[in-house]
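# Breakdown of the fold
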Amino acid sequence: MTPAKIAEHAQRLESAALECRAVPQLSAVEPGGLSLAEAYEVQWALRRRRLAAGARLTGLKMGLTSRAKMKQMGVETPIYGFLLDEYCVPADFEVSTSRLIHPRIEPEIAFVTRSSLQGPGCTIASALAAVDFVVPAIEVIDSRYRDFKFDLPSVVADNASSARYIVGGCARRVDELDLRTLGVVVEKNGEGVAFGAGAAVLGHPALSLALLANLLAEREQTIPAGTYVMTGGITEAIGAKAGDHFAARFQTLGSLSVRFT
Ligand code: OOG
Ligand code: MG
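Residues numbered from 1 in each chain as written. Chains lettered and ligands numbered in written order. Predicted model: local features only at pLDDT ≥ 70, side-chain atom pairs only at ≥ 80, totals over all residues. Heavy atoms only, no water.

Turning to the pairing of strand E13 (residues 254–260), a few remarks are in order. Bridging between strand E4 (residues 94–95) and E13 involves two bridges; their strand directions are parallel. Residue pairing in the sheet places Val95 in a bridge with Phe260 of E13. One ladder, built from six bridges, connects strand E12 (residues 245–250) with E13; its direction is antiparallel. If you follow Ala248 over to E13, its bridge partner there is Leu256. From the end of E12 to the start of E13, which pair antiparallel, there are three residues, and Thr252 there has a positive phi angle of about 70°. (Pairing = 2+ DSSP bridges. Helix = DSSP H or I, 4+ residues; strand = E, 2+ residues; numbered from the N terminus.)

Spelled out as structure tokens, the structure:
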């Protein structure tokens, strides 16, 4: 795919997000489809566009790292994306559905790194050694594609459906926790709707961090010290409408809540 084509796709996805407009998935508008490598080229071009427009990079994310998410989306390969300051919402604040297309929420475990992490060959152990602390998160995803339907290259190009993320709760040292058995309950309008534990994420959320480092190594990129990394939805994502209130209650890490207006 030519650099001009990559730029054109990045611009199309950026406009779809800014104008809250669903578009056909990328593989449907690109004759012959596109490879995973080309899809990441589009994502990186999208990142450069947002940064050039004044947005700040605030972290990285992994997606499609749990069975529940893979099954829900019909895509079985973990992917990464980037996070911007314009996505970040403090806990107990509101998210306006008028700026989104068809939002869904998912509970996630996030890390902040203390040292840089470089693949290939990162493992759970090397990832854990690079972690400073663990925090809970709610991610609000919002595919720019019609009906929230996509294949692997299309969702990669669309920055893994990133839209908002809610920060808050308690920060804990990683050696104080067993991340595999760390439980979470998601409540929608006061009723429990999804339940899970850290092991849902690739058997251990630190493996998601290791995988991110290994995927970035393919582009000679590292995860710098001090990076916020969301490791992927523990449960399936839950649809959100104006008026909905969500709480994610994490064992040991506290609760986060968000209201959609
Ligand atoms: C892709 C993004 C997945 C996660 O945590 O699994 C993701 C999607 O499901 O739209 O953020
Ligand atoms: Mg997510």
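Moving on to the site of ligand 1. By nearness alone, 17 residues border ligand 1, and Leu64, Lys69, Glu106, Ser161 and Gly233 come closest of all. A distance of 2.8 Å separates an oxygen atom of ligand 1 from a polar side-chain atom of Lys61. The separation between an oxygen atom of ligand 1 and a polar side-chain atom of Lys69 is 2.7 Å. Here ligand 1, which alone exposes 320 Å², has 100% of that area covered by the protein. Of all the secondary structure elements, the ones that give two or more residues to the shell around ligand 1 are strand E1 (57–63), helix H4 (67–73), strand E5 (104–113) and strand E6 (131–141). The element best represented in the shell around ligand 1 is E1, accounting for three residues. Classifying every residue of the shell around ligand 1 by side-chain character gives eight nonpolar, four polar and five charged. (Near = heavy atom within 4 Å. Polar contact = N/O pair within 3.5 Å; in protein donor to acceptor, adjacent residues only side chain to side chain. Areas by Shrake-Rupley, 256 points an atom, 1.4 Å probe, with all protein chains shown as cover. Nonpolar A, V, L, I, M, F, W, Y, C, P; charged D, E, K, R; others polar.)

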